[in-house]
Amino acid sequence: MSILVQSGKSKTAEDEKLVVNISGRRFETWQNTLEKYPDTLLGSNERDFFYEEDTKEYFFDRDPDIFRHILNYYRTGKLHFPKNECLMQFDEELAFFGIMPDVIGDCCYEDYRDRKRENAERLMDDKLDEEENADGVVAQTVRERMWRAFETPHTSTPALVFYYVTGFFIAVSVMANVVETVSCGQERMKSKLATINA
Ligand SMILES: [Zn+2]
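A brief report on the enclosed structure follows. Keep in mind the model is a prediction, meaning the values are calculated, not measured. Every chain is numbered independently, its residues counted from 1 as its sequence is written. This being a predicted model, a pLDDT of at least 70 is required before a residue's local features are given, and a value of 80 or more before pairs of side-chain atoms are given or counted; all residues contribute to the totals for chains, interfaces and linings. Hydrogens are left out, water is left out, and the side-chain values use all remaining heavy atoms of the structure.

Concerning the coordination of the zinc ion
Then, number 1: Coordination sphere of the zinc ion, protein contribution only: His-80 (ND1), Cys-107 (SG) and Cys-108 (SG), at 2.0 to 2.2 Å.
Then, number 2: Each metal's donors are the N, O and S atoms within 2.8 Å of it, or within 3.2 Å when it is Na, K or Ca, and because water is not part of the set, sites may look incomplete. Expressed as a motif, the donor residue spacing for the zinc ion is H-x26-C-C. One end of the pair, His-80, is in the loop between helix H3 (64-76) and helix H4 (87-96); the other, Cys-108, is in helix H5 (residues 106-138), and 28 residues separate them in sequence.
Then, number 3: On the basis of relative accessibility, which here comes to 31%, the residue His-80 falls in the partly exposed class. Put simply, DSSP marks the helices as runs of H or I at least four residues long and the strands as runs of E at least two long, and each gets a number from the N terminus on. Summary of the burial criterion: residues with accessible area below 20% of their type's maximum are buried, those above 50% are exposed, and those between are partly exposed, where the area comes from a 1.4 Å probe applied to protein chains only.

So, in structure tokens, the structure goes:
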């Protein structure tokens, strides 16, 4: 029923068939289909910048494989995430055509979000690795290494061992001091008592 209504609407006099050429692959669609989303590049008159008079086509030097999914969004109102495509490239194409990623359908949104998170984590790891390598180059001298070991003991095993050994001896010396004063005090008391008794 709704399909019949839609196709009937598409063939009204004010609607016009448009040809969108994406790097040589031609897509045909109705103007009304594109104008469903006036905030996007294809839905607004911004697309006129890409119109070529001689061919009567809108030409975009973009990825035709991803564009198929973008055009489907105009047709169905649902954007599906192509799992075999690179996430960054998909994002770039969406950004170019002015489509927000939050219009991705529920069926694909979880996949998209997971891929996005994986990507962010991988970028973060790469960045950390780079920073560690950079640190390794900087910490060449013995003095710098020693300073690093004392300042941040958790960065290497010897530094950590040194940290705990030092801590142990500090604790022992404090304990020894305490024990010493206690026994001295008792002896003094005894000697004081002895002098008083005498
Ligand atoms: Zn989907």
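Observations concerning the nonpolar core
Then, number 1: Of all hydrophobic cores here, the largest spans 25 residues; its most connected members are Phe-60, Phe-67, Ile-70, Phe-90, Phe-97 and Ile-99.
Then, number 2: When contributions to this core are tallied by element, the ones reaching two or more residues are strand E1 (17-22), strand E4 (57-60), H3, H4 and H5.
Then, number 3: The element that contributes the greatest number of residues to this core is H3, accounting for six residues.
Then, number 4: Beyond its immediate stretch of four places on either side in the chain, Phe-90 contacts Ile-66, Leu-79, His-80, Phe-81, Pro-82, Ile-104 and Tyr-112. Here, the term nonpolar core denotes a set of buried Ala, Val, Leu, Ile, Met, Phe, Trp, Tyr and Cys residues that are joined through side-chain atoms within 4.5 Å. Whether two residues are in contact is decided by their heavy atoms: any pair within 4.5 Å suffices.

Details of the pattern of salt bridges
For side chains of opposite charge, pairing can occur when their charged atoms come near one another.
Then, number 1: Each reported salt bridge corresponds to a side-chain nitrogen of Lys or Arg within 4 Å of a carboxyl oxygen of Asp or Glu. Per the stated rule, a full pass over the model turns up nine salt bridges.
Then, number 2: With a closest N to O distance of 3.1 Å, Glu-35 and Arg-47 form a salt bridge. One end of the pair, Glu-35, is in the loop between helix H2 (31-34) and strand E3 (51-52); the other, Arg-47, is in the loop between H2 and E3, with twelve residues separating them in the sequence.
Then, number 3: Taking relative accessible area as the criterion, Glu-35 reaches 35% and is therefore assigned partly exposed.
Then, number 4: Residue classification places Arg-47 among the buried positions, given a relative accessible area of 5%.
Then, number 5: Between Arg-62 and Glu-93 there is a salt bridge, with its nearest N and O atoms 3.0 Å apart. Of the two residues, Arg-62 is situated in the loop between E4 and H3 and Glu-93 in helix H4; the sequence distance between them amounts to 31 residues.

Focus on the packing of aromatic side chains
Then, number 1: In summary, the pairing rule links any two rings of Phe, Tyr or Trp, Trp by its six-membered ring, whose centres are within 6.5 Å, and it sorts them by plane angle into stacked for under 30 degrees, edge-to-face for over 60 and tilted for everything else. Evaluation of the coordinates by the stated rule reveals 17 aromatic pairs.
Then, number 2: For the ring pair Phe-96 and Phe-97, a centre distance of 4.9 Å and an interplane angle of 85 degrees mean the geometry is edge-to-face.
Then, number 3: The exposure class of Phe-96 is partly exposed, given its relative accessible area of 28%.
Then, number 4: Taking 5.4 Å as the distance between ring centres and 70 degrees as the angle between the ring planes, the aromatic pair formed by Phe-168 and Phe-169 counts as edge-to-face.
Then, number 5: Aromatic rings pair up to connect Phe-27, Phe-50, Phe-60, Phe-67, Phe-96 and Phe-97 into one cluster.
Then, number 6: Charge over a ring is defined by NZ of Lys or CZ of Arg lying within 6 Å of the ring centre and within 35 degrees of the ring normal. In this structure, Arg-62 packs its charged tip against the face of Phe-96, placed 4.1 Å from the ring centre.

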